[in-house]
Number of protein chains: 2
Amino acid sequence: MKQKHLVNMFAALSLTLGAGFAAAASDEPIQPIKAATGINQAKAELGKKLYFEPRLSKSGFISCNSCHNLARGGTDNIPSSIGDRWQQGPIKAPTVLNSSLNVAQFWDGRAANLKEQAGGPIANPMEMGFTHTLAVNVLSSIPGYVSEFKQVFGKNKIDMDQVTEAIAEFEKTLVTPNSRFDQWLLGNENAITAEEKAGYALFKSSGCVACHNGEAVGGNSFQKMGLVEPYNTNNPAEGRVAVTGNDAERFNFKVPTLRNVELTYPYFHDGAANTLTEAVNTMGRVQLGKKFTTKENAQIVAFLKTLTGERPNITLPQLPPSADKTPRPNPFN
Amino acid sequence: MKQKHLVNMFAALSLTLGAGFAAAASDEPIQPIKAATGINQAKAELGKKLYFEPRLSKSGFISCNSCHNLARGGTDNIPSSIGDRWQQGPIKAPTVLNSSLNVAQFWDGRAANLKEQAGGPIANPMEMGFTHTLAVNVLSSIPGYVSEFKQVFGKNKIDMDQVTEAIAEFEKTLVTPNSRFDQWLLGNENAITAEEKAGYALFKSSGCVACHNGEAVGGNSFQKMGLVEPYNTNNPAEGRVAVTGNDAERFNFKVPTLRNVELTYPYFHDGAANTLTEAVNTMGRVQLGKKFTTKENAQIVAFLKTLTGERPNITLPQLPPSADKTPRPNPFN
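What counts as what
Residues numbered from 1 in each chain as written. Chains lettered and ligands numbered in written order. Predicted model: local features only at pLDDT ≥ 70, side-chain atom pairs only at ≥ 80, totals over all residues. Heavy atoms only, no water. Helix = DSSP H or I, 4+ residues; strand = E, 2+ residues; numbered from the N terminus. Rg over C-alpha atoms; globule rule 2.2 N^0.38 Å. Buried < 20%, exposed > 50% of the residue type's maximum accessible area, 1.4 Å probe, protein only. Contact = heavy atoms within 4.5 Å. Areas by Shrake-Rupley, 256 points an atom, 1.4 Å probe, with all protein chains shown as cover. Lys, Arg positive; Asp, Glu negative; His and termini not counted. Charge placed at Lys NZ, Arg CZ, Asp CG, Glu CD. Buried area = accessible area lost by both parts, 1.4 Å probe. Salt bridge = Lys/Arg side-chain N within 4 Å of Asp/Glu carboxyl O. Polar contact = N/O pair within 3.5 Å; in protein donor to acceptor, adjacent residues only side chain to side chain. Nonpolar A, V, L, I, M, F, W, Y, C, P; charged D, E, K, R; others polar. Least-squares fit on C-alpha atoms with pLDDT ≥ 70 in both. Axes fitted to C-alpha atoms, helices over the stretch in contact; angles between N-to-C directions. Left-handed = near helix turned anticlockwise from the far one by under 90°. Phe/Tyr/Trp six-rings, centres within 6.5 Å; stacked < 30°, edge-to-face > 60°. Expected span 1.5 Å × (residues − 1). Core = buried A, V, L, I, M, F, W, Y, C linked by side-chain atoms within 4.5 Å. pLDDT = per-residue confidence, 0-100.

K.L.:
Help me out: how do you make sense of the overall build of chain A in this one?
P.N.:
Broken down by element type, chain A carries 13 helices and 2 strands. A compact globule built from 333 residues should have a C-alpha radius of gyration of about 20 Å, and chain A, at 21 Å, falls within 12% of that. Projected onto the principal axes, the alpha-carbon positions of chain A cover approximately 60 × 50 × 35 Å. Relative to its 333 residues, chain A shows a buried fraction of 56%. Long-range pairs, those at least 24 residues apart, make up 70% of the contacts in chain A with a sequence separation of at least 6. A total accessible area of about 13,800 Å² is found for chain A, and carbon and sulfur atoms account for 54% of it. Here chain A holds 33 positive side-chain charges and 30 negative ones, and the gap between their average locations is 2 Å.

Quick look at the structure:
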C-alpha cells in the first residue's frame, strides 16, 4: 500500500519532470520528502500556539516543544525526557520532524496517528501531568483561544478533539525537504560527495535499508531491537508487545526515521548511543551481525548527515494571556 | 540624566513631527517606546540562539526562554520559576521585554546591565545549575558555534564575555513599541477609549505615575514595597539592601515596568497577585494609602491593558548540533 503510493507518486512526478529524473529517483529505496500540502493554515496556526502552550501542563511550564524542541531537531537531545516535577521519562523522545510520515506514533505505535498521539503527553502523569478536562477548562477560560477555536472549528465549545486535531495539523507542516541527499535523488549529481555516495552504497548493501527506507528513511515498520544479537539495555520498555499483547513482538519498536539524524542524538529508544559512530556500530552488530570497519562506519555516518533537511521556519506564536478567571498552574504542589 | 535624555529625544522628535505632536506627548510622564536601533544584527542573531540554548544548562533542558518565554510576555507566568531539578526559584521572573530600558537588572538591581545579568542564571545552582566554564566548553565543542562566534567577534576562542554580550544584544531587540497607549501619545486621539483615558487620569492623579513613568512605565528606580503599609509576604527577598548593605533600602525593589502588564501576571516580586484588579488594589493600599473604588480600579486596569505593545516577531533559531566530542548534559544526577 505504502509502496504502491510511492509508485503512483513517482509515476505522476515523472510526467512532470521527465523520464530522466524518474529513472534516477524511483529506483532508490529512499524517496525525497515532499513539502507538506493540503494544510489548513488557520488550524495549523492554532495548533502551533497549542504546541508551544505550557498551560496545557499542570505546572504551566512544560509544552510539547519542551521535549520536541523545534529549535533543535524536534527532540530534547537527552536520553529520556524531563516531565512534571522533573520526573525521568521512560524513553527517548522521538523527533516530531517528519512524524506525519510514520506508520503510527510513539516507539510502540500505540497511537494510530498524530491526532491520537497529541493527547497522550498532556494527561501522562510522568510528562505534562495534567488532565484533558483541566486542559480544556484552561483554554476555555482564555478569550483569545475561545475566539480562535470558534473561528477554526465553527463551534462554541472547545474540546480535546479540536485541541489534538489542531496540534496534529501543525505537526503535519513539520517536514524537512530538500536535504542534500534529496537534491541528489532529484538529479543533482554534485549534491553529495563521493564518500557520502560510498556510505549510501554501503547502507544499501549492508541491509540497513531493509528497515530504513521510504520517504522518512524509517518510521514505516516495527522491527525487533536486537535481531541478530540481544540488545543490552537497562531500559524496561518492551515495545510493541505492550500494545498487541503478542509475545512475538517483544522488543519490537518502530524503526526511527533517519531524516535529520545528525540533530536527533542520542540514539535508540533508550538514548544509549551518543554518537552516530556508536549507533552505526551497534546497529551493525545487533541488527545485521556485521562489524563495520572504521572507514565503512565513517562513510555511513557521512551519508547519514546528508539526510539533514530544511527545517521549517517557525515564527514563535504569541500566546493569548490568561483571564482573571483562568485556573492558575500548579508547579510545586 | 534619564529625564534629560527624554527631553533631548523629544526635542529631536518634535523637529521631525512638528510642534503639535511634541506638545501632546512630551507633556506626559509616560513616553512612547522607541524601536530598537543600533543593533548589531549578526551579534543579536547569535544571541538569539544562545537565548534559546538549553545546552547552557546542566540538564540540557532549561534555556533563558524557559523562564523568560517569548511566546508569552517574556516571563513564565508562575509566582516563582522552576530551576534545575525543579527547584523553586526565590522570586518572580521579571519580563525580558523592554528590559533594556531598566536602570539595572534583577529585582534588586544587582546587575548593572543586560550583559551582566545574562551570566547570572546560567551559573545559579537554583536556575540553570551550570558553570560558566562548562557552558563555554560546550559551546566551544560545537562547530556551528565556533564559526559563528568567530564571525561575530573575530576571535578564535569563545568566552563568557562574548556569550553574555550576544545575549544582551538580542535582548535589546525585545522592545514592544506601538501599544494603543503609545499611539494615543503620538496623537491618535481614538487609539484609547474614554474609560482608558479616565484610568490614565486616575493613574496620574493617584500617584502611581510617581514610580511608573518614562518609556517603560517603571524600571527606572528602586522603591520600597510597602511604603505606606507593610507588605505581607512569605517571600524572604529583602531587595536592594542585599546589594548595597544599606539598611534603609530593605524591601526596596526595582519598580517593574508596566509595559505589557496584561501578559506578565502574576504580579510583584513574590508573584502573589494573580490579577491586575488585585495588583491595583494592593498597590493603592500599601504604596499610596488609597482604597480605589471598583469603578476606579476597573478604569486603571483598562488603562494598563492599553500598554500591551507589539511583541517582536521571533523566528525560532535553528541551533547547531552537538559534535561527538560535545559534553552531554546531565539532567538526572
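Anyway, onward from the coordinates.
K.L.:
I keep staring at the interface of chain B and chain A and nothing clicks. Help me out?
P.N.:
Often the size quoted for an interface is simply the accessible area lost on bringing the parts together. On the side of chain A, 47 residues touch chain B, which itself brings 47 residues to the contact. For the pair chain B and chain A, the summed buried area comes to about 4,000 Å², and 62% of that belongs to carbon and sulfur atoms. Summed over the three residues of chain B that lose the most area to chain A, namely Phe-61, Trp-86 and Phe-332 of chain B, the buried surface amounts to 22% of that side. At the boundary of chain B with chain A, the tally comes to 0 salt bridges. Connecting chain B to chain A are 16 residue pairs in polar contact (both at pLDDT 80 or more). Here the side of chain B that touches chain A is built from residues that sort into 21 nonpolar, 17 polar and 9 charged.

K.L.:
Explain the environment of Glu-148 of chain A here, please?
P.N.:
Residues and elements named next belong to chain A. Following the sequence through the fold, Glu-148 ends up in helix α7 (residues 143-153). When the C-alpha atoms of Glu-148 and Ala-42 are compared, they prove to be 8.8 Å apart, with 106 residues separating the residues in sequence. Those residues in contact with Glu-148 that sit more than four places away from it in its chain are Glu-45, Leu-46 and Lys-49. Within the structure, the side chain of Glu-148 is placed 2.9 Å from the side chain of Lys-49, a separation counted as a polar contact.

K.L.:
Looking at this structure, how should I read the relation of the copies chain B and chain A?
P.N.:
A rotation about some axis, followed by a shift along it, carries one copy of the chain onto the other. Taken as rigid bodies, chain B and chain A are interconverted by a rotation of 180° and an axial shift of 0.0 Å, the fit giving an RMSD of 0.0 Å. Both chain copies can therefore be described as sitting about a two-fold axis. Relative to the rotation axis, the C-alpha of Thr-315 of chain B is the closest in chain B, positioned 2.1 Å from it.

K.L.:
Where do I start with the packing of helix α3 (residues 41-51) of chain A against α7 of chain A in this structure?
P.N.:
When two helices pack together, you describe them by how their axes are tilted relative to each other and by the distance separating the axes. All names here are of chain A. Relative to each other, α3 and α7 sit at 145°, their axes nearing to 9 Å. Once α3 is placed against α7, the crossing between them reads as left-handed. Here α3 contributes Ala-42, Lys-43, Glu-45, Leu-46, Lys-49 and Leu-50 to the contact with α7, which in turn contributes Tyr-145, Glu-148, Phe-149, Val-152 and Phe-153. Considering only residue class, the contact of α3 with α7 consists of 7 nonpolar, no polar and 4 charged.

K.L.:
Explain the packing of aromatic side chains to me, please; I cannot follow it from the model alone.
P.N.:
The description of an aromatic ring pair rests on the distance of the ring centres and on the angle between the ring planes. All names here are of chain A. Counted by the stated rule, this structure contains 26 aromatic pairs over all chains. Their ring planes at 80° and their centres at 5.9 Å tell us that Tyr-231 and Phe-268 sit as a pair that is edge-to-face. Placement of Tyr-231 in the loop between β1 (222-224) and α11 (241-244) and of Phe-268 in the loop between β2 (252-254) and α12 (276-288) is noted, with a sequence separation of 37 residues between them. Under the relative-accessibility criterion, Tyr-231 is labelled buried at 15%.

K.L.:
Would you explain helix α13 (residues 294-305) of chain A in this entry?
P.N.:
Because an α-helix packs 3.6 residues into every turn, residues spaced three or four apart end up facing the same way. All names here are of chain A. Over its 12 residues, α13 extends 17 Å from the first C-alpha to the last, a length consistent with the 16 Å expected when each residue adds 1.5 Å. Among the residues of α13, Asn-297, Gln-299, Ile-300, Val-301, Ala-302, Phe-303 and Leu-304 are the ones counted as buried. Among the structural elements, α9 (180-185), α10 (194-205) and α12 are those in contact with the buried residues of α13.

K.L.:
Where do I start with the side chain of Arg-55 of chain B in this structure?
P.N.:
Residue and element names in this part refer to chain B. Note that Arg-55 resides in the loop between α3 (41-51) and α4 (64-67). For Arg-55, the side chain forms a polar contact with the side chain of Glu-53, separated by 2.9 Å. At a separation of 2.6 Å, a polar atom in the side chain of Arg-55 contacts the main-chain carbonyl oxygen of Pro-320.

K.L.:
Would you mind showing me how to read unusual backbone geometry here?
P.N.:
Apart from glycine, the bulk of residues carry a negative phi angle, and the bulk of peptide bonds sit in the trans form. Residue and element names in this part refer to chain A. Pro-266 follows Tyr-265 through a cis peptide bond whose omega is -10°. Within the fold, Pro-266 resides in the loop between β2 and α12. One non-glycine residue, Val-217, lies in positive phi territory at about 55°. Secondary-structure assignment places Val-217 in the loop between α10 and β1. According to the relative accessible area criterion, Val-217 is buried, its value standing at 0%.

K.L.:
What exactly am I supposed to notice about the pattern of salt bridges here?
P.N.:
Side chains that carry opposite charge are capable of pairing whenever their charged atoms lie near each other. This model, assessed by the stated rule, comprises 34 salt bridges over all chains. Glu-169 of chain B is paired through a salt bridge with Lys-172 of chain B; the nearest N and O atoms lie 3.3 Å apart. Of the two residues, Glu-169 of chain B and Lys-172 of chain B are both situated in helix α8 (residues 160-172); the distance of 3 residues between them amounts to about one turn of the helix. On the basis of relative accessible area, Glu-169 of chain B is assigned to the buried category, the value being 7%. Lys-172 of chain B sits in the partly exposed class, given a relative accessible area of 38%. Linked through salt bridges whose partners overlap, the residues forming this network are Lys-43, Lys-115, Asp-161 and Glu-165 of chain A.

K.L.:
How should the nonpolar core be read in this particular structure?
P.N.:
The nonpolar side chains of soluble globular proteins are, as a tendency, buried together. Membership of the largest hydrophobic core comes to 80 residues, with the highest contact counts inside it found for Leu-50 and Leu-70 of chain A together with Leu-50 and Leu-70 of chain B. Setting aside residues no more than four positions away along its own chain, Leu-50 of chain B makes contact with Leu-56, Cys-64, Leu-139, Tyr-145, Phe-149, Val-163, Ala-166 and Ile-167 of chain B.

K.L.:
When you look at the confidence of the model for chain A in this model, what are you seeing that I'm missing?
P.N.:
Should the pLDDT be low somewhere, the predicted coordinates at that spot are not to be read in detail. All names here are of chain A. Summing up the model confidence of chain A, the mean pLDDT is 93 and the portion of residues at 70 or higher is 92%. Every residue in residues 1-23 is under pLDDT 50, and counting partners more than four places away or in other chains gives 18 contacts. Here the complex is predicted with pTM 0.93, and the ipTM for its interfaces comes to 0.92.

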